[in-house]
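Single-letter residue listing:
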Amino acid sequence: MEKEFLVEIVIESKPVLKDPEGAVIANDLMRRHGFEMVNGVRCAKLLRVKLNATDEKKALSIAENMVKELRLANPVAQTYSISIRK
Amino acid sequence: MPRIAIIQFPGSNCDMDAYHVAREVMHMNAELVWHTDFKESKFEGAILPGGFSYGDHLRSGIIAAFSPAMKEVKKMNKERKPILGICNGFQILAEAQLLPGALLRNSSMRFVCKWISMKVVTSRSPASRKFAKGDIFQAPTAHGEGNYYIEEEKLKELYDNDQIVFKYCNIAGMETPDSNPNGSLENIAGVCNLEGNVIGLMPHPERASERILNPFKNEKGRIVLESFKEYLQGKK
């Protein structure tokens, strides 16, 4: 029996790349306004995907294949992570 | 005269500029072709124009890279026909892996719309063969994601294989940080594939091809299209 899973795909720049948006949020918003404990921010893109699968493992593998086949993350410059949202 | 296609994707908006210059200025046999109608066998070359295909969603060029037209463009590449991508066309070619590297968000995080200078690094591409190495010319840029990036080891390959075609520079030809509009690695503005038949660049030579449109009062952008025309005609 298939059921619907909510899969979250987070796509972000490789750590070697600068993230000017994250740096401004960390330095000019958080650290400047009382949250000096913040050491850094990286901005990412979140895709919340609803898909049908028989189980969690299958849902994750579908998402993994999709990221690779459709290049949802550009391997030149980005990394990704996939999880199931309960 | 060889036929070339100017491929229109949903959201292309420099298609008419490219068409105008190709036909009216360069007297090339150019046709506008909708991306789902494009058949490579009818054409000797293709231009992928600028714009915001599919609203730049996810990443500029990624959705168009999966268009049926790109399967045809890949066949065209196998036959080593010339393919020129301008701005969003460059982004599409990179996302389709016909060109190396990636175009990231501008380092300023802003859309950049201004005239820049660039210099010719190699004249081996179909878009630069009528230039001499080191020639400097100006063209407008208009993009939010033009920040060229490639992994360090691949960058070395680009140099070794003479694949860097254009670099941003100042008016004197120096590659300075100030002359780099988007944070591109090593001031790279345009690259070609290993074989040299596919070329992409972020600036818009088609908008610098007529004196009346050019604040520098020249028409050197036209040399990009003259090069392309000469390559199509098979001149050595």
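Residues numbered from 1 in each chain as written. Chains lettered and ligands numbered in written order. Predicted model: local features only at pLDDT ≥ 70, side-chain atom pairs only at ≥ 80, totals over all residues. Heavy atoms only, no water.

Q: An account of the interface of chain B and chain A is needed here, citing residue identities and associated values.
A: Contact residues are listed per partner, giving 16 residues for chain B and 18 residues for chain A. Between chain B and chain A, a total of about 1300 Å² is buried, with carbon and sulfur atoms accounting for 60% of that surface. Of all residues in chain B, the largest losses of buried area upon contact with chain A belong to Leu58(B), Arg59(B) and Tyr149(B), amounting jointly to 40% of the total for that side. Here chain B and chain A share three salt bridges between them. Residue Arg105(B) pairs with Glu21(A) through a salt bridge whose shortest N-O separation is 3.9 Å. At the junction of chain B with chain A, the criterion picks out seven residue pairs in polar contact (both at pLDDT 80 or more). Mapped by element, the contributors of at least two residues to the side of chain B that touches chain A are helix H3 (88-95) and strand E5 (102-104) of chain B. Within the side of chain B that touches chain A, the residues separate by chemical class into nine nonpolar, three polar and four charged. (Contact = heavy atoms within 4.5 Å. Buried area = accessible area lost by both parts, 1.4 Å probe. Salt bridge = Lys/Arg side-chain N within 4 Å of Asp/Glu carboxyl O. Polar contact = N/O pair within 3.5 Å; in protein donor to acceptor, adjacent residues only side chain to side chain. Helix = DSSP H or I, 4+ residues; strand = E, 2+ residues; numbered from the N terminus. Nonpolar A, V, L, I, M, F, W, Y, C, P; charged D, E, K, R; others polar.)

Q: With reference to specific residues and values, describe the layout of surface pockets.
A: Within this model, the largest pocket holds a volume of roughly 1000 Å³. Lining the largest pocket we find 39 residues, and of these Ser13(A), Leu17(A), Lys18(A), Leu104(B) and Arg105(B) sit closest to its centre. Put simply, the parts of the chain that give the lining of the largest pocket at least two residues each are strand E1 (3-13), helix H1 (20-30) and strand E2 (44-53) of chain A together with E5, strand E8 (147-149) and helix H4 (152-160) of chain B. Along the wall of the second largest pocket there are 16 residues; nearest its centre are Gln97(B), Leu98(B), Leu99(B), Pro100(B) and Gly101(B). Looking at the lining of the second largest pocket residue by residue, the class counts come to eight nonpolar, five polar and three charged. (1 Å grid on protein atoms, 1.4 Å probe; cavity = no way out; pocket = protein on both sides within 12 Å on 5 of 7 lines; lining within 4 Å. Points joined across faces, edges and corners; volume = space filled by probe spheres on them.)

Q: Let's hear about unusual backbone geometry: which residues, and what values?
A: Residues and elements named next belong to chain B. One non-glycine residue with positive phi stands out, namely tyrosine 54, at about 50°. Structurally, the position occupied by tyrosine 54 is in the loop between strand E3 (45-48) and helix H2 (68-78). The backbone of arginine 80 shows a phi angle near 60°, a positive value even though the residue is not glycine. One can find arginine 80 in the loop between H2 and strand E4 (83-86).

Q: Account for the sheet that holds E1(A), naming residues and giving values.
A: Residue and element names in this part refer to chain A. On the basis of which strands lie adjacent, the open sheet formed by three strands has the order E2-E1-E3 and antiparallel pairing. Single-partner strands in this sheet number two, and they are E2 and strand E3 (78-84). Strand-to-strand twist of the sheet, defined as the mean angle between neighbouring strand axes without regard to direction, takes the value 25°. Sheet topology places E1 next to E3; seven bridges connect them, and they run antiparallel. Across the sheet, glutamate 8 pairs through a bridge with serine 83, a residue of E3. Helix H2 (residues 56-69) rests against E1, E2 and E3 of the sheet, and its axis sits at about 160° to E3. (Pairing = 2+ DSSP bridges. Axes fitted to C-alpha atoms, helices over the stretch in contact; angles between N-to-C directions.)

Q: Can you explain the side chain of Ser12(B)? Please cite residues and give values.
A: Residues and elements named next belong to chain B. Among the structural elements, serine 12 can be located in the loop between strand E1 (3-8) and helix H1 (15-25). Serine 12 gets classed as buried once you look at its relative accessible area, which sits at 13%. From its side chain, serine 12 meets the backbone nitrogen of phenylalanine 9 in a polar contact 2.9 Å long. Beyond its immediate sequence surroundings of up to four residues, serine 12 is in contact with Ile7, Pro49, Gly50, Gly51 and Phe52. (Buried < 20%, exposed > 50% of the residue type's maximum accessible area, 1.4 Å probe, protein only.)

Q: Could you give an account of the sheet that holds strand E11 (residues 198-201) of chain B, naming the residues involved and the relevant values?
A: Residues and elements named next belong to chain B. Sheet architecture is open: nine strands sit in the order E2-E1-E3-E4-E11-E10-E9-E6-E7, paired in mixed fashion. Two strands lie at the open edges of the sheet, namely strand E2 (29-34) and strand E7 (136-143), each paired on one side alone. Geometrically, the sheet is characterised by an average inter-axis angle of 25° between neighbouring strands, direction not taken into account. Pairing between E1 and E3: three bridges, direction parallel. Note on E3: the bridge partner recorded for isoleucine 4 is glycine 45. Together, E3, E4, strand E10 (188-192) and E11 form the strand contacts of H3, whose direction differs from that of E4 by roughly 120°.

Q: Run through empty space enclosed by the protein, naming residues and quoting values.
A: Left-over empty space is what a probe sized like a water molecule reveals as it rolls over the atoms. Residues and elements named next belong to chain B. Under the criterion given, the structure shown has two cavities of 30 Å³ or more. The volume enclosed by the largest cavity comes to roughly 40 Å³. In this structure, the largest cavity is lined by Gly51, Phe52, Asp56, Ser60, Cys87, Gln91, Ala142, His143, Gly144 and Glu145. Classifying every residue of the lining of the largest cavity by side-chain character gives three nonpolar, five polar and two charged.

Q: Pulling in residues and values, what's your account of the pattern of salt bridges?
A: Any two side chains of opposite charge can pair, given that their charged atoms come close. Residue and element names in this part refer to chain B. Within this structure, the stated rule accounts for 23 salt bridges over all chains. Its salt-bridge partner being aspartate 17, residue arginine 207 comes within 3.4 Å of it at the nearest N-O pair. Here the residue arginine 207 occupies a position in the loop between E11 and helix H5 (222-232), and aspartate 17 occupies one in helix H1, the gap between them amounting to 190 residues. For arginine 207, a relative accessible area of 24% corresponds to the partly exposed category. When its relative accessible area of 28% is taken as the criterion, aspartate 17 is described as partly exposed. Between arginine 211 and glutamate 219 there is a salt bridge, with its nearest N and O atoms 3.9 Å apart. Residue classification places arginine 211 among the partly exposed positions, given a relative accessible area of 45%.

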